[in-house]
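What the coordinates show
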Amino acid sequence: MDWDAFFKIHNGLPREGPGSPEDVDWVLANTGLSGAISVCDAGCGPGADLETLADRLPEARLLGLEMHDGFVASAQKRCARFGDRVQARLGDMAEPGGPHDLIWCAGALYFLGVTEGLKTWRSALAPSGFVAFSEPVKLRGEMPQAAREFWEEYRGITDMAGIEARVAAAGYALLGTRLIIGQGWESYYAPLRQRIAELRVADPDPAMTEMLDMNAREIALWEAAPEHIAYALMLVRPK
Ligand SMILES: C[S@@+](CC[C@H](N)C(=O)[O-])C[C@H]1O[C@@H](n2cnc3c(N)ncnc32)[C@H](O)[C@@H]1O
């Protein structure tokens, strides 16, 4: 992977994975969280969900942790209007501090492993604290070729029962699930599509072209099977 080319494409995009403000709203409605709570956005990327969480929780303190400094800078910029109560910093989401009432993790827990990450986060949660995370999920029925190719590099993908088993193995109870499908993916891919088109003209370097092709292929595979490609948003808490 040419990371320079990757970050040249991805830096400044509004989000780095599928999702929407409605996902945040669903979690807040199903947890009843409000007031002066503590929230960590683990692997916050450029801070799209951190910003929504901060907007929906005006009394909360929020910490976004991210390992790529370009994304940290984006998250800091878009959350500056919230002042000191919202911080985004370079850090390892395996060490989220705490205690937090909610650890939010969109499209990043697979870097730690679902079971391993949840186990690690147990001691970072306040009593009655929640974890909400999104994870690739294999939907019921035959997967079309485009969906199989889309997921071919994510060998760990399972169906919902498989994710539930990984949650249970960490000693967590499942409180609810929601599919991220369709619009949440378009929200991620629309700005990426635009960036690819711009860089094709602005940067014809072969390494960049290869990375642009790789990103364009991912979008084309999603466009060929949008009803078969999903993340599951999982709301869980320690038993
Ligand atoms: C698919 S992106 C999702 C970003 C963001 N949650 C969003 O939805 O826009 C996953 C992010 O996790 C970050 N990440 C991976 N491992 C990490 C770690 N150990 N600590 C902090 N961030 C990490 C990556 O740098 C990347 O920005």
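Our subject is the structure listed above.
Notes on the structure follow. (Residues numbered from 1 in each chain as written. Predicted model: local features only at pLDDT ≥ 70, side-chain atom pairs only at ≥ 80, totals over all residues. Heavy atoms only, no water.)

What follows is about the pairing of strand β3 (residues 86–90). Pairing geometry for strand β2 (residues 61–66) and β3, over five bridges, is parallel. Among the inter-strand pairings, L63 is bridged to a residue of β3, identified as Q87. The β-α-β motif built from β2, the intervening helix α4 (residues 69–79) and the parallel element β3 has right-handed crossover chirality. (Pairing = 2+ DSSP bridges. Helix = DSSP H or I, 4+ residues; strand = E, 2+ residues; numbered from the N terminus. Right-handed = clockwise from strand over helix to strand, strands pointing away.)

Taken together, 18 residues lie around the ligand, and E16, G43, E66, M93 and A106 are the ones closest in. Take E16: an N or O atom from its main chain is 2.8 Å from an oxygen atom of the ligand. For the ligand, whose accessible area on its own is 600 Å², the fraction buried by protein is 89%. Of the pockets mapped on this structure, the ligand occupies the largest pocket. Here the residues of the shell around the ligand are counted per class, giving nine nonpolar, five polar and four charged. (Near = heavy atom within 4 Å. Polar contact = N/O pair within 3.5 Å; in protein donor to acceptor, adjacent residues only side chain to side chain. Areas by Shrake-Rupley, 256 points an atom, 1.4 Å probe, with all protein chains shown as cover. 1 Å grid on protein atoms, 1.4 Å probe; cavity = no way out; pocket = protein on both sides within 12 Å on 5 of 7 lines; lining within 4 Å. Sits in = over half its atoms within 2 Å of the grid points. Nonpolar A, V, L, I, M, F, W, Y, C, P; charged D, E, K, R; others polar.)

Glancing now at the pattern of salt bridges. Applying the stated criterion to the full structure yields 14 salt bridges. Among the ionic pairs, E135 bridges to R166, the shortest N-O distance being 3.0 Å. Placement of the pair is E135 in strand β5 (residues 125–138) and R166 in helix α7 (residues 160–169), with a sequence separation of 31 residues. According to the relative accessible area criterion, R166 is buried, its value standing at 18%. (Salt bridge = Lys/Arg side-chain N within 4 Å of Asp/Glu carboxyl O. Buried < 20%, exposed > 50% of the residue type's maximum accessible area, 1.4 Å probe, protein only.)

Moving on to unusual backbone geometry. For residues besides glycine, phi is generally negative; the peptide bonds are generally trans as well. Backbone torsion omega between G98 and P99 reads 0 degrees, so that peptide bond is classified as cis. Take P99: it is sitting in the loop between β3 and β4 (100–105). Unlike most non-glycine residues, S128 shows phi in positive territory, near 70 degrees.

Function cannot be read off these values alone, since they describe shape.
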